[in-house]
Amino acid sequence: MKKAEYLSEGLGELEIYNAVVNGEDEVVREAVRTALAKGIPAGQILSDALIPAIMEVGRLFETHEYYVPEIVISAEAMQAGMAILRPLLCDAGERSTGRIALGSVEGDMHDIGKNLLTMMLESIGFHVTDLGVDVSPRRFVQAVVDGAQVIGMSAMLPTTMHNMKVVIDAMKAEGIRERVKVIVGGALVTQEFADRIGADGYAPDASAAVRKVRDLLSKAPSAHSVKEVADFKILARFAEA
Ligand code: B12
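Residues numbered from 1 in each chain as written. Predicted model: local features only at pLDDT ≥ 70, side-chain atom pairs only at ≥ 80, totals over all residues.

Engineer: For the overall build of the protein, give the residues involved together with the corresponding values.
Structural biologist: A tally of helices and strands in the protein yields ten helices and five strands. Within the span of the protein, comprising 241 residues, buried residues form 46% of the whole. (Helix = DSSP H or I, 4+ residues; strand = E, 2+ residues; numbered from the N terminus. Buried ≥ 20, exposed ≤ 12 C-beta atoms within 10 Å, placed from the backbone.)

Engineer: Can you explain the site of the ligand? Please cite residues and give values.
Structural biologist: Taken together, 35 residues sit near the ligand, with Gly 58, Ile 112, Gly 113, Ser 154 and Gly 185 positioned nearest. Mapped onto the shell around the ligand, the elements with two or more residues apiece are helix 3 (42–62), helix 4 (68–89), helix 5 (112–123), strand 3 (150–154), strand 4 (181–185) and helix 9 (206–219). Take the shell around the ligand: its biggest share by element is six residues, from helix 3. The residue makeup of the shell around the ligand, split by class, is 22 nonpolar, eight polar and five charged. Taken together, domain 1 (13–89) and domain 2 (99–240) each give at least three residues to the shell around the ligand, which thus spans both. (Near = placed C-beta within 6 Å. Nonpolar A, V, L, I, M, F, W, Y, C, P; charged D, E, K, R; others polar. Domains from an automatic or database assignment.)

Engineer: Got a sec to walk through helix 5? Specific residues and values, please.
Structural biologist: For an α-helix, the turn length of 3.6 residues means that residues three or four places apart are oriented alike. Helix length check: helix 5, at twelve residues, gives a terminal C-alpha distance of 16 Å against a target of 16 Å (1.5 Å per residue), a fit within 8%. Helix 5 sits mainly inside the fold: ten of its twelve residues count as buried. For helix 5, the full list of buried residues reads Gly 113, Lys 114, Asn 115, Leu 116, Leu 117, Thr 118, Met 119, Met 120, Leu 121 and Ser 123. With its phi angle positive at about 100°, Gly 125 sits one or two positions after the end of helix 5. (Expected span 1.5 Å × (residues − 1).)

Engineer: For the sheet that holds strand 5 (residues 201–202), give the residues involved together with the corresponding values.
Structural biologist: With parallel pairing, the five strands of this open sheet are ordered in space as 2-1-3-4-5. At either end of the open sheet lies a strand with only one pairing partner, and these are strand 2 (127–135) and strand 5. By the bridge criterion, six bridges tie strand 1 (residues 99–105) to strand 2 in an arrangement that is parallel. Counterpart to Ala 101 in the pairing with strand 2 is Thr 129. This element, helix 6 (residues 137–145), spans strand 1, strand 2 and strand 3 of the sheet and lies at about 165° to strand 2. Along the sheet face, helix 9 touches strand 1, strand 3, strand 4 and strand 5 and points at about 170° away from the line of strand 4. (Pairing = 2+ DSSP bridges. Contact = placed C-beta atoms within 7 Å. Axes fitted to C-alpha atoms, helices over the stretch in contact; angles between N-to-C directions.)

Engineer: Go over the pairing of strand 4, please, and point to the residues and values.
Structural biologist: Regular strands place side chains that alternate from one sheet face to the opposite one. Counting buried residues in strand 4 gives five out of five residues, a clear majority hidden from the surface. Covered by surrounding structure in strand 4 are Lys 181, Ile 183 and Gly 185 together with Val 182 and Val 184, the residues of both alternating faces. Relative to strand 4, strand 3 runs parallel, the two being bridged by five bridges. When the sheet's bridge partners are listed, Met 153 is paired in strand 4 with Val 184. For the crossover that starts at strand 3, traverses helix 7 (residues 158–173) and ends in the parallel strand 4, the hand is right-handed. Bridge analysis of strand 4 against strand 5 gives two bridges, and the strand direction is parallel. The partner of Val 184 across the bridge, within strand 5, is Tyr 202. As for the winding sense of the linkage, the β-α-β connection from strand 4 through helix 8 (residues 191–197) to strand 5 is right-handed. (Right-handed = clockwise from strand over helix to strand, strands pointing away.)

Engineer: Tell me about the environment of Ala 35, and name the residues and values.
Structural biologist: Its place among the elements puts Ala 35 in helix 2 (residues 25–37). For the pair formed by Ala 35 and Ile 45, sequence separation is ten residues and the distance between their alpha carbons is 7.7 Å.

Engineer: Outline helix 1 (residues 13–21), listing residues and values.
Structural biologist: Counted residue by residue, helix 1 has nine buried out of nine residues, so it is predominantly covered. Every buried residue belonging to helix 1 is among Glu 13, Leu 14, Glu 15, Ile 16, Tyr 17, Asn 18, Ala 19, Val 20 and Val 21, and all of these are buried. Elements that come into contact with the buried residues of helix 1 comprise helix 2, helix 3 and helix 4. Of the residues flanking the end of helix 1, it is Gly 23, one or two places downstream, whose phi is positive at about 70°.

Engineer: Before we move on, could you go through the nonpolar core and cite the residues and values that matter?
Structural biologist: Within soluble globular proteins, side chains that are nonpolar tend to cluster in buried spots. Of all hydrophobic cores here, the largest spans 68 residues; its most connected members are Ile 16, Val 20, Leu 50, Ile 151, Met 164 and Ile 183. When residues of this core are assigned to their parent elements, the largest contribution, nine residues, is made by helix 3. Shared between two domains, this core holds at least three residues of each, these being domain 1 (13–89) and domain 2 (99–240). Here Leu 50 is in contact with Ile 16, Val 20, Ile 45, Met 78, Gly 81 and Met 82, once residues within four sequence places are set aside. (Core = buried A, V, L, I, M, F, W, Y, C linked by C-beta atoms within 7 Å.)

Pasting the structure below:
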């Protein structure tokens, strides 16, 4: 296993990292609670331990040291840690009236990146509807009808990315495309792809996505300003690294 030397052993971040890579969800829960009790901010645990760990899992998959069963177990361990952090990251003082619906497109079961984005948007006060994974175009359209100002679509596979365009086309067919801003993301998604399918925005990571959503909402008639929180800045620092 590639060791994350920069992580602090004493504060428990290295233990969290190793436990995610090894797929030990109970150890992750315990170590996250211990790190919080030692005063490490939730955002730092996420950006310095959980995210680097799942990236390492991705690297191990690419080098054929890990296979799908290992990734599933590591992803579950990561989600176990995120579940503990979620209420802490989402405890925003100021609420925004920005309404966003997020989902992984039809055929795509990856949701860690989407869940991270959901947490970050909630942490700065947006009202986020998580549509889940394998979301049909009809369900995205319904979210717009239900009042979402921004639709966020996530896709991690070359075989599911095209479903983003299917959703945009379905919005056009229903005559609701102009009522909503569409932002897309995921490992293989690029700005060029976003432009090609007619999305309003693209972002390579969750912190850039938050900035993009704020930008899109500021152009919308009912946009409201939102407050940055410390955890968001920590995540932004990670994304820039
Ligand atoms: C974990 C994982 C899984 C888990 C998913 C568990 C879960 N609950 O999500 C499981 C085991 C289920 C899985 C299954 C598969 N996977 Co997989 N998986 C991964 C892995 C290792 C990590 C993905 C991840 O969570 N990254 C961490 C998060 C934080 O990053 P992220 O998802 O990229 O999200 C960030 C940005 O992309 C962006 N973002 C994401 N969504 C959105 C949305 C918006 C609107 C915006 C603005 C931004 C944004 O912000 C996020 C946060 O910063 C990647 C490897 C990799 N390098 O990405 C492969 C990977 C994505 N998987 C891959 C494959 C092939 C598969 C399978 C087909 C494997 C198989 N043979 O069965 C299946 C497909 C299942 C399906 N139908 O979806 C390939 C896809 C690429 C390709 N060329 O095909 C990858 C790249 C691995 C590889 N190198 O081959 N996988």
